[in-house]
Every structure is written in C-alpha cells, then in structure tokens.
Amino acid sequence: MEDVASAGLLTFPGSVHLLCVSVADIKDVWKPKMLQGSNILGHERPLVIRVSFATCVLATVCLPLLGLITCVFISAVFHFEDATGTHCQVPNYLPSISASISLSPECHIWRFCIGLHSAPRLLVAFTYFKFYRARFATRLPERSLSCLNLAFSCFENLGLLLLTYVSSNETYFVHKEGFVLFIVSSLIHMLITCRLWKAIKKYSLSPEDAKSHLWKVRFLLLNVCFCAFAGFFYWKHNMYCESGSYTFFALFEYLVVFSNMAFHLTAMWDFKSREVMVISSSEDKDF
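Residues numbered from 1 in each chain as written. Predicted model: local features only at pLDDT ≥ 70, side-chain atom pairs only at ≥ 80, totals over all residues. Heavy atoms only, no water.

Undergrad: How should I be thinking about the confidence of the model for the protein in this particular structure?
TA: Segments scoring low in pLDDT should not have their predicted coordinates read at a detailed level. Overall, the predicted model of the protein reaches an average pLDDT of 84, with 81% of residues at or above 70. Contacts of residues 1-7 to residues separated by more than four positions or lying in other chains number 16 contacts, the stretch itself having pLDDT below 50. (pLDDT = per-residue confidence, 0-100. Contact = heavy atoms within 4.5 Å.)

Undergrad: Looking at this structure, how should I read the nonpolar core?
TA: Most often, soluble globular proteins have nonpolar side chains that are buried together. Counting 24 residues, the largest nonpolar core has Leu-68, Ile-97, Trp-110 and Leu-160 as its most contacted members. Top contributing element to this core by residue count: helix H9 (residues 245-265), with eight residues. Leaving out residues up to four positions away in the same chain, Trp-110 has contacts with Pro-64, Gly-67, Leu-68, Cys-71, Ile-101, Leu-160 and Thr-164. Core analysis: the second largest hydrophobic core is formed by 18 residues, Val-124, Tyr-128, Ile-192 and Trp-197 among them. (Core = buried A, V, L, I, M, F, W, Y, C linked by side-chain atoms within 4.5 Å. Buried < 20%, exposed > 50% of the residue type's maximum accessible area, 1.4 Å probe, protein only. Helix = DSSP H or I, 4+ residues; strand = E, 2+ residues; numbered from the N terminus.)

Undergrad: Would you mind going over H9 with me for this structure?
TA: Because an α-helix completes one turn every 3.6 residues, residues spaced three or four positions apart along the sequence face the same direction. Look at H9: 30 Å from first C-alpha to last across 21 residues, which is about the 30 Å you get at 1.5 Å a residue. Most of H9 sits out of view: 16 of its 21 residues are buried. (Expected span 1.5 Å × (residues − 1).)

Undergrad: Can you help me understand the packing of helix H2 (residues 53-78) against H9 in this one?
TA: Packed helix pairs are specified by the crossing angle of their axes together with the interaxial distance, meaning the distance between the axes. At a closest axis distance of 9 Å, the pairing of H2 and H9 adopts a crossing angle of 165 degrees. The angle between H2 and H9 falls in the class roughly antiparallel. The two elements H2 and H9 cross, and the hand of that crossing is left-handed. Residues Val-57, Leu-58, Val-61, Pro-64, Leu-65, Leu-68 and Val-72 of H2 form the contact with H9, whose participating residues are Tyr-254, Val-257, Phe-258, Met-261, His-264 and Leu-265. Here the residues of the contact of H2 with H9 sort into 12 nonpolar, one polar and no charged. (Axes fitted to C-alpha atoms, helices over the stretch in contact; angles between N-to-C directions. Parallel < 35°, antiparallel > 145°, perpendicular 65-115°, else oblique. Left-handed = near helix turned anticlockwise from the far one by under 90°. Nonpolar A, V, L, I, M, F, W, Y, C, P; charged D, E, K, R; others polar.)

Undergrad: Which parts of the structure should I look at to understand the packing of aromatic side chains?
TA: Describing an aromatic ring pair means giving the distance of the ring centres and the angle of the ring planes. One pass over the structure, following the stated rule, counts 17 aromatic pairs. Consider the rings of Phe-232 and Trp-235, whose centres lie 6.2 Å apart with planes at 35 degrees: the pair is tilted. On the criterion of helical spacing, the pair formed by Phe-232 and Trp-235 is a turn pair, its members being three residues apart in helix H8 (residues 207-240). For the ring pair Tyr-234 and Phe-249, a centre distance of 5.0 Å and an interplane angle of 50 degrees mean the geometry is tilted. Of this pair, Tyr-234 sits in helix H8 while Phe-249 is found in helix H9, placing the two residues 15 residues apart along the sequence. (Phe/Tyr/Trp six-rings, centres within 6.5 Å; stacked < 30°, edge-to-face > 60°.)

The following block contains the structure:
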C-alpha cells in the first residue's frame, strides 16, 4: 500500500481509527477479517467496518431525505390543521418543513435522522478538503477557497443542526437564524465548490470530472431559483395573506432541500474509487 496515511486518518476515543482511502491503494492488502495495517499505522489492526465512500455518501443523503418525507407525510395525514395553519387563517394545502418538524412524533424522527447523518457529513467535508489541498498544492487561490469551502460546509451543518434541535414552536428567533445560516452557508458552499470544480475540469481529461462539474452547476442554479421562489411566496403570504401562497412556499421549500441533497449526492462520482475503513487498535480485542 502506497502512502495510505496521506489518504486521511481520523482517531477517535478508544483507539478506533477511521480512514478514507482509494480502492487502488488497498488492492492485494486484505486477508479474511484482518487488515494488513503495517503500512498504515505501523502494525496489524483488525478490521471493524469497510464500506465504499459512495455508499457512505448515499446513506448520508438518504437519512434526511427519508426523514423529511416521513415527517411531511405524517403531518399532512395526521396533523393537517396544525401543520398548515398560519396567522393569516387562509386555506393552505401543504405543511412547511418548519411546521412538519415541530410536531410530535415528527420532530423526534427528524432529529434522529439529522443527528445520525451529521458526523458522516463532516467526514465528506473533510475528505473534500484534503482532496482540494492535494489537487491544488501549488495554486494559492484554490487552496484558500478550499479552506473557505470547508468552513461554509461546517456552517451549513451547524445551521441544519440548530434549526433541527430548536423548533419554531420553542424559540422562533433561534430557529429562524439557524435556517438563514443553513441557506446562506449552503449557497456559498455550492458556489465555491462549483468554482473549484471548474478549475479541476479545466486541467482534467476525465469525463467524470466534467460531468460532476456540470451537474453541480445545474443543481446550484436550481437551488438559487427555488430559494428565490420560496422567498417570494413567503413574502407574498405575509404581506397579502393570499390563499395558496403558503402552499407554494412550502412546495419550493421542499425543492430547495431536494436540490441541496442532489448537489451533495454528486460526491458519489467524485470519490467512487474510495472506501471508508474503521479499524481498531492492536490491543487484545476480539471482533
């Protein structure tokens, strides 16, 4: 195995280590139930978990997706009046995300899904950061952008956690600020990502890199459009209390989230040849 340590190593309490490595780096390394770890950490370490990075990304995106669909469905079927009612007291036909995740048991389902997906999401963010730093080792502007990209990715995750665990029914101001932090950070993060992949595509002959950049730009443009429409209908609802305005706001709010998830799903193309491995220390433990 060549320079696997440079591929990424995280150490957790209890001497458990997580690595993200290329599949090409781990050829001919595996034995049944045991990772030949001498070239990674100095001695053999038993394998605990080994999954493809694409599977990790898919699970990270599917958790909030399934959680959102479940919450909206339960709200629309069992809590329709509470989920669609507003101060305007006009007919609405779809619950907003904030209303859906503020009711019970929906809030518990949503918090479980978001809490479970937050750590793998940070893993993806740091993997991108290491990838950009290696790809732009001699290019200062892109290296600086990679640092900003990591920061806004973390802010996006923080905003999502904030709006999740502080519902609009509890502290509306904090929930709203968390939502604004999530939206602004996600837009800046997507914009910087597209700029970095434009540079990657310029100097790459891989069709996968070009496809990844193309779909990232498409999802960014869709996200911006959906945000604009959601903001317009939210303003229209609060200003004129028109019937159906809040319904369109809720619809475009869903589309904002779906386009954001689709953007993050492109990491499956970017790291399709990588795998995530969790290995333990060399202490006397049986797995």
